[in-house]
Each structure stands twice: as structure tokens, then as C-alpha cells.
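Single-letter residue listing:
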Amino acid sequence: MIHLEKFNTADYSRLINWITSEEQMVLFSGQIFDYPITNNQLDRYLDSTDRLVYKVIQTDTNAVIGHAELNAINLRSSSARICRVLIGDKNARNKGIGSLIIKELVCIGFTELKLHRIDLGVHDFNTQALKCYEKCGFKIEGLLKDNMKFGTAFWSSYNMSILNKIA
């Protein structure tokens, strides 16, 4: 089991240490940061009124094992976007934690924020994440072809969403 707590300046070094390459950073964060991530970049990142940033804590050990975010929160449109999900602790990977994180973010969005729609983007080659998101109820809306450049390669991504059936 996991729970989410607010990400703060005390968590910077852990996140910075988890990101060990430019490719890993781009997979985690898109192009919001420059590699290597710095405290100044994280200060600017947290200085936003439309995002909720969390550290992921494993309940039984109280260890911080990951990072997750609800971004582009728009209460007027009743929508948000899941971004920057990372299981940084390698020992916590491939154990279903990703699904728990996504379900917790969806719960926050639909229950606490009373949102109608949550979406996310995932690179088309990230089959493990695609399966996780589909398992959590997200549906593919479309493919954005070659929408990100990394080095000399272009990466494509799917946009996926879930709607609040209760609201």
C-alpha cells in the first residue's frame, strides 16, 4: 500500500538522485526540466498554482519510493492531467505500485477536486505504462505522432483519459 504526501524542498535531493540520465529525465518529465535537474528548477516547478505535486510513500515501511503529480488543474473546466509519475526506488518497481499511484491520483481528482476528466500522455513505446493506465480505466484517445524530439529521434505518445462516472 501507498499514500501520497505533499512534495517539498526536503524531497529535492532524493528526486535529483533518482534521475541519472538525460533520457530518464525526459521520460519522467518531458521537457519541463533541463538535465541535470537542479534545486532552482524544482523551486520554479513547485511555484505553480495549477499543480499538486506528491511524494509516494510506501505505507508499511514509511519509505519514500516515488513521485507523482496532478497538473493543469482547471476547476472551471473540471479537468486535470496526470504527469511526472516515477517509481524512483528500483526495489519498488514491477510490484503494482504504479497502478496504486494512478488510482490514488484519480481518487484525489474525482473525490477531493470534484473533477470530471483526467488525462495523461504516455510514449507509445512504454508498453508497461500503457497497460497500467488501461488497467486503471484510462482509454486511448489518440496518437500524437513524433510530438517530442530526443537527440535525433522523434517519439510519439498516446493521449489517454478517464471520466468521472459519478459526478
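Each remark here, short or long, concerns the structure printed above.
Procedures and definitions
Residues numbered from 1 in each chain as written. Predicted model: local features only at pLDDT ≥ 70, side-chain atom pairs only at ≥ 80, totals over all residues. Heavy atoms only, no water. Buried < 20%, exposed > 50% of the residue type's maximum accessible area, 1.4 Å probe, protein only. Helix = DSSP H or I, 4+ residues; strand = E, 2+ residues; numbered from the N terminus. Arc of directions from axis to C-beta. Contact = heavy atoms within 4.5 Å. Salt bridge = Lys/Arg side-chain N within 4 Å of Asp/Glu carboxyl O. Phe/Tyr/Trp six-rings, centres within 6.5 Å; stacked < 30°, edge-to-face > 60°. Polar contact = N/O pair within 3.5 Å; in protein donor to acceptor, adjacent residues only side chain to side chain.

**Student:** Any chance you could break down helix H3 (residues 39-46) for me, citing the residues and the numbers?
**Tutor:** Residues spaced three or four apart along an α-helix point in a common direction, a consequence of the helix completing one turn every 3.6 residues. Turning to H3, its buried residues number three or more, namely Gln41, Leu42 and Tyr45. Here the buried residues of H3 occupy an arc of 95° about the axis, which is enough to place them on one side. Those residues of H3 that are exposed and angled more than 90 degrees off the buried face are Asn40 and Arg44. Contact partners of the buried residues in H3: helix H1 (12-18), strand S2 (52-58), strand S3 (63-74) and strand S4 (79-87).

**Student:** Would you mind going over unusual backbone geometry in detail, with residue names and values included?
**Tutor:** The peptide bond linking Tyr35 to Pro36 adopts the cis configuration, its omega dihedral lying at -5°. One non-glycine residue, Asn62, adopts positive backbone phi at about 65°. One can find Asn62 in the loop between S2 and S3. Despite not being glycine, Lys114 has its phi angle at roughly 60°, a positive value. Examined against the element boundaries, Lys114 turns out to sit in the loop between helix H4 (97-112) and strand S5 (117-123).

**Student:** Describe the pattern of salt bridges, naming the residues involved and giving the relevant values.
**Tutor:** Following the criterion strictly, the structure yields seven salt bridges and no others. Linking Arg84 and Glu69 is a salt bridge whose minimum nitrogen-to-oxygen distance equals 2.7 Å. Residue Arg84 is located in strand S4, and its partner Glu69 is located in strand S3; the two are separated by 15 residues in the primary sequence. For Arg84, a relative accessible area of 10% gives the class buried. With a relative accessible area of 0%, Glu69 lands in the buried category. One connected set of salt bridges, linked through shared partners, spans Arg81, Arg117, Asp119 and Glu141.

**Student:** Explain the packing of aromatic side chains to me, and be specific about the residues and the numbers.
**Tutor:** Overall, the coordinates contain five aromatic pairs when judged by the stated rule. What links up through ring pairs into an aromatic cluster is the set Phe125, Phe150 and Trp155.

**Student:** Please set out the side chain of Asp119 residue by residue, giving values where relevant.
**Tutor:** Along the polypeptide, Asp119 turns up in strand S5. A distance of 3.1 Å separates the side chain of Asp119 from the side chain of Arg81, its partner in a polar contact. When neighbours within four sequence positions are excluded, Asp119 is seen to be in contact with Ala80, Arg81, Ile82, Phe138, Asn159, Met160 and Ser161.

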